[in-house]
Protein chains: 2
Amino acid sequence: MRRPSSHVRAARWTAIVAAGWLASVASAQAPLASWNEGPAKAAIVEFVKAVTDEKSKDFVATADRIAVFDNDGTLWAEQPLYFQALFMLDQVKAAAPKHPEWKNNPAFQALVAQDKAALEKLGMKPVLELLVTANSGMTVADYDKTIRDWLATSKHPKFKRPYTDLTYKPMQELLSFLRANGFRTFIVSGGSVEFMRPWAEKAYGIPPEQVVGSQQEVKFDMKDGKPVLTREPKIAFVDDGPGKPVGIYRHIGKRPIAAFGNSDGDLQMLQVTAAGEGRRLALIVHHDDPVREYAYDRTSHIGKLDKAWDEAVAKHWIVVSMKSDWNRVFGFEK
Amino acid sequence: MRRPSSHVRAARWTAIVAAGWLASVASAQAPLASWNEGPAKAAIVEFVKAVTDEKSKDFVATADRIAVFDNDGTLWAEQPLYFQALFMLDQVKAAAPKHPEWKNNPAFQALVAQDKAALEKLGMKPVLELLVTANSGMTVADYDKTIRDWLATSKHPKFKRPYTDLTYKPMQELLSFLRANGFRTFIVSGGSVEFMRPWAEKAYGIPPEQVVGSQQEVKFDMKDGKPVLTREPKIAFVDDGPGKPVGIYRHIGKRPIAAFGNSDGDLQMLQVTAAGEGRRLALIVHHDDPVREYAYDRTSHIGKLDKAWDEAVAKHWIVVSMKSDWNRVFGFEK
C-alpha cells in the first residue's frame, strides 16, 4: 500500500529534539505512550512545541488553541457500520410497524439490509430522516435514556464489547496532551450530538458543549406547568463534509489550528484548518491494521479515504498508520 | 414600584454568614465589589456556597456547573434600541438603494423610523431578515470586519461612548465570581453570535464557543483553491423566548443550574433552569435606575419585563434592583 510522502517529510523534525522536549513537559506518565517513535508522533510533538513556545515565531495564544476531531473512524471505530447507524437500525426496526410507508423507502431498505454500498450512495440525510421520524414526539430526556440504554446493552459484532470500549487509546492520549498544552478540544462529527454527548465526557474528556454534530429540530412547550423539549420530525443541520466548516463557524466561532480526521467527510474541515495563517496541523488516521482493527480506504463504503488522502499527500498533511504508528489501538488490549 | 417578595425571602440567608464565606474565598480584591450588601448579593453568594461545598446536600460537580446569561439588558444596556438593531439600521440603510422592494416592508419602515412599538409587534424575525438580505453574499470574514469597524467608530446616543463601554460592571464581577467557583459561563442571547463574539471575550471573559445566539445560514465553497464561508439570505435559528431552551439544548447539551435575564424573552430559559432537580438560581435584573441607566419594565417596547416578573414573584426568583443593589453600573463611572 502506498504511503504518502508526508511521512518522509515529517522526518525532518528529528525525533531526538522532539523527544527531549516531550520528556521535559511530560508528567509522571509519558503523554503519548501508545504512539511509536516516528515521524507522525514527532510531527505532533513538534507542532505543539512550536505553538506553545512564547519565543517561537509560530506561537499561538491560548485563546486561539482550538483543535477539532472527527469522531467516527478518528476517535473510535466505525466498522462494520457507523455505530449510530446500528443504533438507528434498532430504533427504525422498532418503529417500522407504525410506518408502512417505509417499505418503499430506499434508505429504510438499505438500512435493514445493511447494504453499505446503497447507504454510501444515499448519504446521511435520508437515513437521518428515518430516525427523526421514528423518534419524533419523544422528549429529549426520553431519547437520551434510549441512547444510554442501547449503549449499555449492545455489543460490537467483532469485538464482543460495548461500543464505548472501541475508542482509540492513542487519540485519547492526544486529546489529553493537547489540553495539557492549553488547547480546547472539540468533536466535529457527522453523527448527532445526542448520540455522542452521553459518553464523550468520560471517554474523551470532552464536555457536551464541545461536541459539534448533526442536529434535529426540537420544540419547547410547557406541559402541566413543566418545560419540555420534544423532538420534531425534521433535521436542523447535517454536520458532514462541507457542513463541518459551517458547524465549526456556528458553534466554535474561531478557525481551528489543528484538525484530525480519517475520511473524505473530513476534507473540508481539514482544508479550512490548514488554510489559516500561521502554523497549522492537519492529520489523517489511516485504517491499515486488519488484525487489531480494520483495513480500508479508497474503496470503502464506510469512512472512504480517497480525495482527502490525495490532498494530504499534495499538501504534506500528516497521515498516521494505525498499524505502525500505534503500539496499541484500544484500551482493553493487554 | 412594587418589589417582589423574593427579596424579602432571600433575607433568610443572613448576610453575615454569606459575607464571612465570601471573605474566605475572595482573592486580594473582593469578588462582587460593585454589589451592595443586601438580599440579592447574599442569595447569589449563598447559592454558590451551597453548590460548591462538597459537604452540602446541594453540592454540584464541576462538570454540571453551567450558568447562562442573556446579553441585551442583562450584561450590557439595550436602550434606546438593541445595539445590534442600531448596527443593523446602518447596514440596512446602506443597502436600501439596492432593495427598492423594502419601501413597503413593515420591518424596514419601523427600523428606519426607530418605531419601537412597531418593532416590538413585529418581533425579531422580520428585522433579522432585512439584515440577512442586506449582508448576504458577504464572506463571514468581511462581515466580522464590518461589525468590528462599526463598534470601533459608533457611539451611544446618551452616554457618548463606544457601545462596548456599556457593559455592567456588577455582572462582569458575577461572571468572574462564578468562573472562580468552577462554573462555565455562557451567553444565550436573541442577538446574533457574529455580533457578540468579536468583543465578548474581552468584555466578559466568554470565548466565542460559549456564545449562543441567533444564527444565519452560511455556505461553504472553494474559491480559487481557498475555502470560503459566505452568508446566505436565510435565518437558521432565532435564539429568543422559547428558542433559548432549544439553543441551550443544541449548543450546551446540559441543563444550566443558574440563569440570568432581564425580560420576558428570558422567561423560558429561566423556567428550564429553575425546573431542574436540586438547587437552582434564577435571577432577573430590573432596570429601575433612570439616573445611572434607564428605568423600564412592564410597558417597555425594548426589554419588556412583565410575565417574567410575575413568575419571578410567584416562584421566588431573585430580582435585582439596579438602583439599590448595584453601587456602580458601568466601569467608566468614578
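Description of the structure in this document. This is a predicted model, so every value here is computed, not measured.

About the criteria used
- Residues numbered from 1 in each chain as written.
- Chains lettered and ligands numbered in written order.
- Predicted model: local features only at pLDDT ≥ 70, side-chain atom pairs only at ≥ 80, totals over all residues.
- Heavy atoms only, no water.
- Helix = DSSP H or I, 4+ residues; strand = E, 2+ residues; numbered from the N terminus.
- Rg over C-alpha atoms; globule rule 2.2 N^0.38 Å.
- Buried < 20%, exposed > 50% of the residue type's maximum accessible area, 1.4 Å probe, protein only.
- Contact = heavy atoms within 4.5 Å.
- Areas by Shrake-Rupley, 256 points an atom, 1.4 Å probe, with all protein chains shown as cover.
- Axes fitted to C-alpha atoms, helices over the stretch in contact; angles between N-to-C directions.
- Parallel < 35°, antiparallel > 145°, perpendicular 65-115°, else oblique.
- Left-handed = near helix turned anticlockwise from the far one by under 90°.
- Pairing = 2+ DSSP bridges.
- 1 Å grid on protein atoms, 1.4 Å probe; cavity = no way out; pocket = protein on both sides within 12 Å on 5 of 7 lines; lining within 4 Å.
- Points joined across faces, edges and corners; volume = space filled by probe spheres on them.
- Buried area = accessible area lost by both parts, 1.4 Å probe.
- Salt bridge = Lys/Arg side-chain N within 4 Å of Asp/Glu carboxyl O.
- Phe/Tyr/Trp six-rings, centres within 6.5 Å; stacked < 30°, edge-to-face > 60°.
- Least-squares fit on C-alpha atoms with pLDDT ≥ 70 in both.

**Comments concerning the overall build of chain A**
Move 1: Across its full length, chain A holds 14 helices and seven strands.
Move 2: Relative to its length of 334 residues, chain A is compact, with a C-alpha radius of gyration of 20 Å against a globular reference of 20 Å.
Move 3: Seen through its principal axes, chain A has C-alpha atoms that stretch 65 × 45 × 35 Å.
Move 4: Across the 334 residues that make up chain A, the buried fraction comes to 58%.
Move 5: Of the contacts made within chain A by residues no fewer than 6 positions apart, 69% connect residues no fewer than 24 positions apart.
Move 6: Accessible area for chain A stands at about 13,600 Å²; split by element, carbon and sulfur atoms hold 53% of it.

**Describing the packing of helix H4 (residues 83-95) of chain B against helix H8 (residues 140-153) of chain B**
All names here are of chain B.
Move 1: Interhelical geometry of H4 versus H8 gives an angle of 110° and a closest axis separation of 11 Å. Relative to H8, the element H4 is oriented roughly perpendicular. The hand of the H4/H8 crossing is right-handed. Residue-level inspection shows Phe83, Leu86, Phe87, Asp90 and Gln91 of H4 in contact with H8, the latter providing Tyr143, Thr146, Ile147 and Trp150.

**Quick word on the pairing of strand S1 (residues 66-69) of chain A**
Residues and elements named next belong to chain A.
Move 1: Here S1 shows two buried faces, one formed by Ile66 and Val68 and the other by Ala67 and Phe69.
Move 2: Pairing of S1 with strand S2 (residues 184-192) involves four bridges; the strand directions are parallel. Bridged to Ala67 within S2 is Thr185.

**Some words on empty space enclosed by the protein**
Move 1: A complete count under the given rule lists seven cavities of 30 Å³ or more for this structure.
Move 2: For the largest cavity, the calculated volume is near 230 Å³.
Move 3: Lining the largest cavity we find 15 residues, and of these Gln215, Arg250 and His251 of chain A together with Gln215 and His251 of chain B sit closest to its centre.
Move 4: When residues of the lining of the largest cavity are traced back to their parent elements, those giving at least two are strand S3 (211-223) and helix H11 (243-251) of chain A together with strand S3 (211-223) and helix H11 (243-251) of chain B.
Move 5: Here the element with the most residues in the lining of the largest cavity is S3 of chain B; it accounts for four residues.

**Focus on the interface of chain B and chain A**
Move 1: Residue-level contacts link 32 residues of chain B with 32 residues of chain A.
Move 2: For the pair chain B and chain A, the two sides together bury roughly 2,900 Å², of which 58% comes from carbon and sulfur.
Move 3: A per-residue breakdown of the area chain B buries against chain A is headed by Glu209, Tyr249 and Arg250 of chain B, which together make up 26% of the total.
Move 4: Linking chain B with chain A are six salt bridges.

**Regarding the packing of aromatic side chains**
Move 1: This structure, assessed with the given rule, holds 40 aromatic pairs over all chains.
Move 2: Grouped by ring-pair contacts, the aromatic residues Trp76, Phe83, Phe87, Tyr143, Trp150, Tyr163, Phe195, Trp199 and Tyr204 of chain A constitute a single cluster.

**Overview of the relation of the copies chain B and chain A**
In this structure, two copies of a chain are linked by a rotation about an axis accompanied by a shift along it.
Move 1: For these two chains of identical sequence, chain B goes onto chain A by a turn of 180° and a shift of 0.0 Å along the axis, with RMSD 0.0 Å. The superposition of one copy onto the other is thereby described by a two-fold rotation axis. It is His251 of chain B whose C-alpha, among those of chain B, lies nearest the rotation axis, at 3.6 Å.
Move 2: With an isologous cut-off of 70% or more, the 100% of interface residues of chain B that recur at the interface of chain A puts this contact in the isologous class.

**What about the pattern of salt bridges?**
Move 1: Across all of its chains, the model carries 40 salt bridges over all chains by this definition.
Move 2: Where Glu209 of chain B meets Arg184 of chain A, a salt bridge forms, and the shortest distance between an N and an O atom there is 2.7 Å. With one member in each of two chains, Glu209 of chain B in the loop between helix H10 (193-204) and S3 and Arg184 of chain A in strand S2 form a pair that bridges those chains. Pair check on accessibility: Glu209 of chain B and Arg184 of chain A agree, each one buried.
Move 3: Among the ionic pairs, Arg231 of chain B bridges to Glu194 of chain B, the shortest N-O distance being 3.1 Å. Remark: Glu194 of chain B occurs in helix H10 and Arg231 of chain B occurs in strand S4 (residues 226-237); sequence separation between them is 37 residues. In this structure, Arg231 of chain B and Glu194 of chain B share a single accessibility class: buried.
Move 4: A network of salt bridges, in which partner residues are shared, links Glu46, Lys57, Asp58 and Arg279 of chain A.

**Description of the sheet that holds S3 of chain A**
Residue and element names in this part refer to chain A.
Move 1: Ordered by their spatial adjacency, seven strands build an open sheet running S4-S3-S2-S1-S5-S6-S7, and the pairing between neighbours is mixed. The open sheet has two free edges, formed respectively by strand S4 (226-237) and strand S7 (318-321), since each of these has just one partner strand. On average, adjacent strands in this sheet sit at an angle of 30° to one another, irrespective of strand direction.
Move 2: Note that strand S5 (residues 258-261) and strand S6 (residues 281-286) share four bridges and pair parallel. Across the sheet, the residue bridging to Ala258 is Leu281, located in S6.

**A look at the sheet that holds strand S7 (residues 318-321) of chain B**
Neighbouring strands of a sheet are bound in pairs by backbone hydrogen bonds; such pairs are parallel or else antiparallel.
Move 1: On the basis of which strands lie adjacent, the open sheet formed by seven strands has the order S4-S3-S2-S1-S5-S6-S7 (chain B) and mixed pairing. The open sheet is flanked by S4 and S7 of chain B, the only strands paired with a single partner. Direction aside, the axes of adjacent strands within the sheet are offset by 30° on average.
Move 2: In this fold H11 of chain A packs onto S3 and S4 of chain B, with an angle of close to 150° to the strand it touches most, S3 of chain B.
Move 3: Along the sheet, helix H7 (residues 124-135) of chain B contacts strand S2 (184-192), S3 and S4 of chain B; its crossing angle with S4 of chain B, the most-contacted strand, is approximately 155°.

**Quick look at helix H7 (residues 124-134) of chain A**
Move 1: Of the positions making up H7 of chain A, those classed as buried are Val127, Leu128, Leu130, Leu131, Val132 and Ala134 of chain A.
Move 2: In this structure, the buried residues of H7 of chain A make contact with helix H4 (83-95), helix H5 (106-112), helix H6 (116-122), helix H8 (140-153), S3 and S4 of chain A.

**Remarks on helix H13 (residues 307-315) of chain A**
Move 1: For H13 of chain A, the set of buried residues is Ala308, Trp309, Glu311, Ala312 and Val313 of chain A.
Move 2: Buried residues along H13 of chain A sit in contact with helix H12 (267-274), S6 and S7 of chain A.

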